[in-house]
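# Reading the structure
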Amino acid sequence: MDGGGDDVRNVLRTFREILEIMPDDRGALQAAAQAAEQCGEDEEALEYRLRLVEVLTAEGDAASLGELAEQLRESSDSRAQEWVASYDEQQRSVPEASFDSDVADSAEADLTAEMDLAWKLFDEGELSQEEYTVLVAELTRISESARGAEPVALLHALEATNHRRLDEIIAHLSLTYRMPYISLTGFTMRPELVPYMPLNFIICRGALVFDLLSAELLVAVLNPLNEQLRQDVEQQTGRACHFYLARASEFVAAYEQLKQSTESVD
């Protein structure tokens, strides 16, 4: 799909209209910034990201602010540079916490990575303009309501909206990102799998150990595009991992089995 084509401009127009009504909608701000950037409207994209800074700061979403800081770091705009410098100074003043106590115990949903995946599918022609808009809204809704009870993932949003091409999209993701698809229904979630990954990390980040291969781990994920997630998983587990793409409903069912196995041991 041509990034400067009519489809992308229509998406930008749609999210401009949404932001007129809901100026602090974080999903719409992220989507509008992506679309504006693809249309060559760099100043407009910057304005959306600066507004997003205010929204994320008010929400206390440290994880998403860190990702946004990396995006704004590339900007030559004085407002962006000033905020990034302030952000970096704040990070230096915060004592470094361990991965287990900080990330795993207070893991936040990676909405930005899911928005990026939705955009990729739209840009590759796997999602129509209307489907993309609906999914952005659904991702935002899930993010605001999940509170660690369900994964904030594009695949979850696709199932929640009963997308007619779900199987084709999963096959496309598996092929494009060279990540094999695995059906988790064929695996039993055993108590010995629990210690590798805290339960809140599983549901918030969308990654789950579903089996062992000697000293290595087999891990199901919901976003094959999210390279940072794979790095975090290997850091968390301290093991070499083999990653597989899973269906969201099966992922949630496996998570519930792991949770029940933990409760039975207690």
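Figured I'd write up the structure that's included with this text. (Residues numbered from 1 in each chain as written. Predicted model: local features only at pLDDT ≥ 70, side-chain atom pairs only at ≥ 80, totals over all residues. Heavy atoms only, no water.)

In this section: the overall build of the protein. A tally of regular secondary structure across the protein gives 13 helices and three strands. Here the protein holds 266 residues, and the buried ones make up 49% of them. Restricting to contacts in the protein with at least 6 residues of sequence separation, those with at least 24 account for 65%. When the accessible surface of the protein is split by element, carbon and sulfur atoms take 47% of a total near 12900 Å². (Helix = DSSP H or I, 4+ residues; strand = E, 2+ residues; numbered from the N terminus. Buried < 20%, exposed > 50% of the residue type's maximum accessible area, 1.4 Å probe, protein only. Contact = heavy atoms within 4.5 Å. Areas by Shrake-Rupley, 256 points an atom, 1.4 Å probe, with all protein chains shown as cover.)

What follows is about the sheet that holds strand 1 (residues 207–213). Taken in spatial order, the three strands of this open sheet run 1-2-3, and their pairing is mixed. If you trace the sheet from one side to the other, it starts and ends with strand 1 and strand 3 (241–245), each paired once. This sheet shows a mean twist of 30° between the axes of neighbouring strands, independent of strand direction. The pairing of strand 2 (residues 216–221) with strand 3 spans five bridges and is classified as parallel. Paired with Leu218 across the bridge in strand 3 is His242. Against the sheet, helix 12 (residues 227–237) makes contact with strand 1, strand 2 and strand 3, and its axis sits at roughly 135° relative to strand 3, the strand it touches most. (Pairing = 2+ DSSP bridges. Axes fitted to C-alpha atoms, helices over the stretch in contact; angles between N-to-C directions.)

What follows covers helix 2 (residues 26–38). The end-to-end C-alpha distance of helix 2 is 18 Å, a good match for the 18 Å that 13 residues give at a rise of 1.5 Å each. With 11 of 13 residues buried, helix 2 lies mostly within the body of the structure. Regarding helix 2, the residues found buried are Arg26, Gly27, Ala28, Leu29, Gln30, Ala31, Ala32, Ala33, Gln34, Ala35 and Ala36. Count one or two residues on from helix 2 and you reach Gly40, which has phi positive near 80°. (Expected span 1.5 Å × (residues − 1).)

This is a description of form; function is not addressed.
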